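# Architecture at a glance
Residues per chain are reported as follows:
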Amino acid sequence: EALKIANDRQLKILEEKLEKMRNERILEEKKLEEARRATEVAKLEEESRVSTEKIEAERQLKVLKKQLELKSEAEKRLESIRAKTLEKKRKEQQIWKDRQKELAEKIEIENMLTEDAIAGAKRAEAE
């Protein structure tokens, strides 16, 4: 009888140890599953961050390309305006030179006429 009681106690102790070990194993499995989930979440968050950064970088690249294109167009327009302005100034200078030349010719003609008139008046006076 005492042996049976001792065996029953020993059995109960072993069953309690077994139950404790099962509970520990279940707890470890839960911890492992939580760690897997946390790793998966971290991986998905990293992929999302990288994807977001890639999208932002592509957007910035498009913006920079558009700015470069607009700058190039503006430079072309500016160069065209400069060329037109230079051409206009050249034409204005040519007109000014032509007018100066016409004025010089008129003055020369007037001087000749005046000299002729003076010479004619002197001849008339001498006669």
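Here, the structure is the one placed above.
As a convention, each chain's residues are numbered from 1 in the sequence order in which they are written. Since the coordinates come from a predicted model, pLDDT governs what is reported: local features require at least 70, and pairs of side-chain atoms require 80 or more to be given and counted, while whole-chain, interface and lining totals use all residues. Hydrogen atoms and water are omitted, and side-chain values are computed over all heavy atoms in the structure.

The next point concerns the overall build of the protein chain. Note on conventions: DSSP H or I runs of at least 4 residues are helices, E runs of at least 2 residues are strands, and numbering of each starts at the N terminus. Secondary structure summary: the protein chain contains one helix and zero strands in total. The reference for a compact globule is 2.2 Å times residues^0.38; the radius of gyration itself is calculated from the C-alpha atoms. Taken against the 2.2 N^0.38 rule, which gives 14 Å for 127 residues, the C-alpha radius of gyration of the protein chain at 54 Å runs more than 25% over that of a compact globule. Expressed along its principal axes, the backbone C-alpha trace of the protein chain runs to roughly 185 × 15 × 5 Å. Exposure is judged per residue with a 1.4 Å probe applied to protein chains only, and the accessible area is read against the type maximum: over 50% gives exposed, under 20% gives buried, and values in between give partly exposed. Per-residue burial for the protein chain yields a buried fraction of 0% across its 127 residues. Computed with the Shrake-Rupley method and a 1.4 Å probe, the accessible areas treat only the protein chains shown as cover for residues. Summing over all exposed atoms, the protein chain offers an accessible surface of approximately 12,500 Å²; the carbon and sulfur share of this is 57%. For this count, His and the chain ends are skipped, Lys and Arg are scored as positive, and Asp and Glu as negative. By convention, the charge on Lys lies at NZ, on Arg at CZ, on Asp at CG and on Glu at CD. In the protein chain, the 33 positive side-chain charges and the 32 negative ones have mean positions that sit 4 Å from each other.

A cluster of like negative charges, contributed by Asp98, Glu102, Glu105 and Glu108, occupies part of the molecular surface. Mapped onto the elements of the fold, Asp98 is located in helix α1 (residues 2-126). Residue classification places Asp98 among the partly exposed positions, given a relative accessible area of 35%. Patches in this entry comprise residues that are over 30% relatively accessible and not in a salt bridge; like charges within 9 Å are linked, as are nonpolar side chains (Val, Leu, Ile, Met, Phe, Trp, Tyr) within 5 Å. Between Lys or Arg on one side and Asp or Glu on the other, a salt bridge is scored when a side-chain nitrogen of the former is within 4 Å of a carboxyl oxygen of the latter.

Moving on, we come to the environment of Gln94. One can find Gln94 in helix α1. Note on Gln94: relative accessible area 37%, which makes it partly exposed. In the structure, Gln94 is positioned 71 residues away from Asn23 in sequence and 105 Å away in space, judged by C-alpha atoms.

What follows deals with the pattern of salt bridges. For the structure on display, the rule yields eleven salt bridges. Measuring nitrogen to oxygen at the nearest pair gives 3.0 Å for the salt bridge that ties Glu29 to Arg25. Linking Glu29 with Arg25, this pair stays in helix α1, spanning four residues, or about one helical turn. For Arg25, a relative accessible area of 46% puts it in the partly exposed group. One salt-bridge network, in which partners are shared between bridges, spans Glu33, Arg36 and Arg37.

Honestly, it's all geometry; don't read function into it.
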